[in-house]
Amino acid sequence: MDIKITKTTAPRQKPDPNNIPFGTFFSDHMFLMDYAKGKGWYDPRIVPYGPLSLEPSIMALHYAQEAFEGLKAYRTADGHIQLFRPTENIARMARSCEKLCIPEVPADMYLEAIKALVEVDKDWVPSAPDTSLYIRPLVFATDPQLGVHASHTYIFCIMTCPVGSYYPEGINPVRIAIEGREVRAVRGGTGFAKCGGNYAASLHASELAGEKGFSQVLWLDGVEQRYIEEVGSMNVMFKIGGKIVTPSLASGSVLPGITRKSAVQLLTEWGYEVQERNIAIDELIAAAEDGTLEEAWGTGTAAVVSPIGEIFYHDKDYTINAGQIGPVTRKLYDTITGIQWGKTADPYGWIVPVV
Ligand SMILES: *Cc1c(COP(=O)(O)O)cnc(C)c1O
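A quick note: this is a predicted structure, and the numbers were derived from the prediction, not measured.

Chemist: Before we move on, could you go through the pairing of strand E15 (residues 293–300) and cite the residues and values that matter?
Modeler: Within a regular strand, side chains alternate between the sheet's two faces. Summarising burial for E15: seven of the eight residues are buried, a large majority. When strand E12 (residues 235–240) meets E15, the two strands line up antiparallel, connected through six bridges. In the sheet register, Val 236 faces E15, and the bridge partner there is Gly 298. For E15 and strand E16 (residues 304–313), the ladder comprises four bridges, and the chain directions are antiparallel. By the bridge assignment for E16, Gly 300 is matched with Val 304. Connecting the antiparallel pair E15 and E16 is a turn made up of three residues.

Chemist: Run through empty space enclosed by the protein, naming residues and quoting values.
Modeler: Taken as a whole and judged by the stated rule, the model has three cavities of 30 Å³ or more. For the largest cavity, the full set of lining residues is Gly 70, Leu 71, Lys 72, Tyr 74, Phe 84, Asn 89, Ile 258, Thr 259, Thr 301 and Gln 340. Listed by contribution, the elements that provide at least two residues to the lining of the largest cavity are strand E5 (71–75) and helix H5 (258–269). The biggest single contributor to the lining of the largest cavity is E5, with three residues. Of the residues assigned to the lining of the largest cavity, the class counts are four nonpolar, five polar and one charged.

Chemist: Quick rundown of the environment of Met 33? Include the residues and the values.
Modeler: Note that Met 33 resides in strand E2 (residues 29–36). The spatial distance from the C-alpha of Met 33 to the C-alpha of Met 234 is 29 Å, given a sequence separation of 201 residues. Discounting residues that sit within four places of it in the chain, Met 33 has contacts with Met 1, Trp 41, Tyr 42, Asp 43, Pro 44, Arg 45, Val 105, Met 109, Tyr 154, Ile 155 and Phe 156.

Chemist: Kindly report on the site of the ligand, identifying the contributing residues and their values.
Modeler: Around the ligand lies a shell of 14 residues, among which Lys 194, Tyr 199, Glu 230, Thr 259 and Thr 301 are the nearest. Interatomic distance of 2.7 Å between a side-chain N/O atom of Lys 194 and an oxygen atom of the ligand. Here the ligand has 380 Å² of accessible area as a free molecule, and 96% of this is covered by the chains. Here the ligand is seated within the largest pocket. Here the residues of the shell around the ligand are counted per class, giving four nonpolar, six polar and four charged.

Chemist: Describe the environment of Thr 246, listing the residues and the values that go with them.
Modeler: Within the fold, Thr 246 resides in strand E13 (residues 243–247). Apart from residues no more than four positions distant in its own chain, Thr 246 is found in contact with Val 236, Met 237, Arg 260, Val 264, Gln 275, Glu 276, Arg 277 and Ile 279.

Chemist: Give a description of helix H2 (residues 86–99) that names residues and reports values.
Modeler: Given a rise of 1.5 Å per residue, 14 residues ought to cover 20 Å, and the 20 Å separating the end C-alpha atoms of H2 matches this to within 8%. Within the span of H2, buried status applies to Pro 86, Asn 89, Ile 90, Arg 92, Met 93, Ala 94, Ser 96 and Cys 97. A positive phi of about 55° marks Cys 101, the residue just after H2.

Chemist: Outline the environment of Val 125, listing residues and values.
Modeler: Mapped onto the fold, Val 125 is located in the loop between helix H3 (107–120) and strand E7 (132–141). For Val 125, a relative accessible area of 3% translates into the label buried. Taking C-alpha positions, Val 125 is 45 Å from Ala 286, a pair spaced 161 residues apart along the chain. Setting aside its immediate chain neighbours within four residues, Val 125 contacts Ala 73, Tyr 74, Arg 75, Ile 81, Val 118 and Leu 133.

Conventions we followed
- Residues numbered from 1 in each chain as written.
- Predicted model: local features only at pLDDT ≥ 70, side-chain atom pairs only at ≥ 80, totals over all residues.
- Heavy atoms only, no water.
- Buried < 20%, exposed > 50% of the residue type's maximum accessible area, 1.4 Å probe, protein only.
- Helix = DSSP H or I, 4+ residues; strand = E, 2+ residues; numbered from the N terminus.
- Pairing = 2+ DSSP bridges.
- 1 Å grid on protein atoms, 1.4 Å probe; cavity = no way out; pocket = protein on both sides within 12 Å on 5 of 7 lines; lining within 4 Å.
- Points joined across faces, edges and corners; volume = space filled by probe spheres on them.
- Nonpolar A, V, L, I, M, F, W, Y, C, P; charged D, E, K, R; others polar.
- Contact = heavy atoms within 4.5 Å.
- Near = heavy atom within 4 Å.
- Polar contact = N/O pair within 3.5 Å; in protein donor to acceptor, adjacent residues only side chain to side chain.
- Areas by Shrake-Rupley, 256 points an atom, 1.4 Å probe, with all protein chains shown as cover.
- Sits in = over half its atoms within 2 Å of the grid points.
- Expected span 1.5 Å × (residues − 1).

Have a look at this one:
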């Protein structure tokens with residue numbers, strides 16, 4: 001692929017590396033590529049980050065024909081920059097695109113585009129402890145037409161932003177509320193796809209929970225409202241009676257997280273029995289009551305792991321591991337972040353170097 005690079009003449013202000021707010025400071029450049037039916041993907045280019053000129057009629061704005069990804073570039077102690085399992089993100093976006101009738105971005109082009117953009121903006125990959133460059137690929141429908149059909153034109157865009165430590169004050173377990181009324185996704189729907197529509201559907205319940213002092217909601221399945229699916233925008237895992245349990249992906253309403261997949265592999269290797277299956281909310285509450293619920297945590301690229309210290313269900317609070325981060329949660333965090341920042345060897349081939 002021949003990527004045309006136009007460098008900025010007006011470099012943007014970089015944030016204070018010790019205090020970077022998430023997702024607000026964008027780096028100097030973005031990658032763009034266009035698609036037209038019959039022509040395929042064309043005009044790959046890296047240009048200064050800035051506004052796009054689009055008609056208000058474009059289909060993505062009305063019918064949410066859009067998919068995105070999220071991954072990070074990490075700076076190692078010796079100054080190299082590396083990615084964590086980017087081919088997993090690329091493959092996942094292909095599955096999201098298939099569901100949303102969006103043409104797939106060929107995997108080799110996609111990886112080349114990420115690497116080229118990160119290399120152009122390599123000075124934007126911060127080096128303070130636990131900081132990284134967040135990479136946000138996005139594909140959206142651009143037919144300027146108010147008729148419901150799959151668009152014939154698309155834009156694929158990649159933007160990046162430096163992000164600070166997710167846990168500047170140490171890892172503190174969060175309080176979550178079990179959501180018994182609203183649902184995020186349903187069987188046969190778009191739950192497995194990483195798309196804006198799923199997030200729009202989750203905002204109302206999250207806002208209400210936030211007003212009551214909870215940092216996330218724990219979603220139940222959309223059919224019976226009985227089985228645990230995800231926590232906020234993270235996958236969720238529990239240690240119950242020495243075994244690890246996490247919701248199965250079979251329903252299609254759980255997002256197949258890459259952190260989840262990595263954690264399952266590591267835990268299995270460490271000798272834990274890992275069960276990917278349906279977990280009824282009653283089973284979780286019973287385990288919390290009889291003391292066999294030992295640990296609970298969410299997994300996702302942003303936080304890696306996020307320990308759950310308390311769950312709220314039917315007007316009752318249940319404290320997990322005395323509200324402290326548990327040893328398995330801690331070991332997962334240390335191992336995955338160790339590999340990402342190059343502090344620990346990567347025997348799995350998860351790391352892809354950029355420069
Ligand atoms: C992105 C995402 C996750 C986590 O996936 P990772 O690949 O681990 O970052 C989990 N749930 C939802 C709904 C997501 O959008």
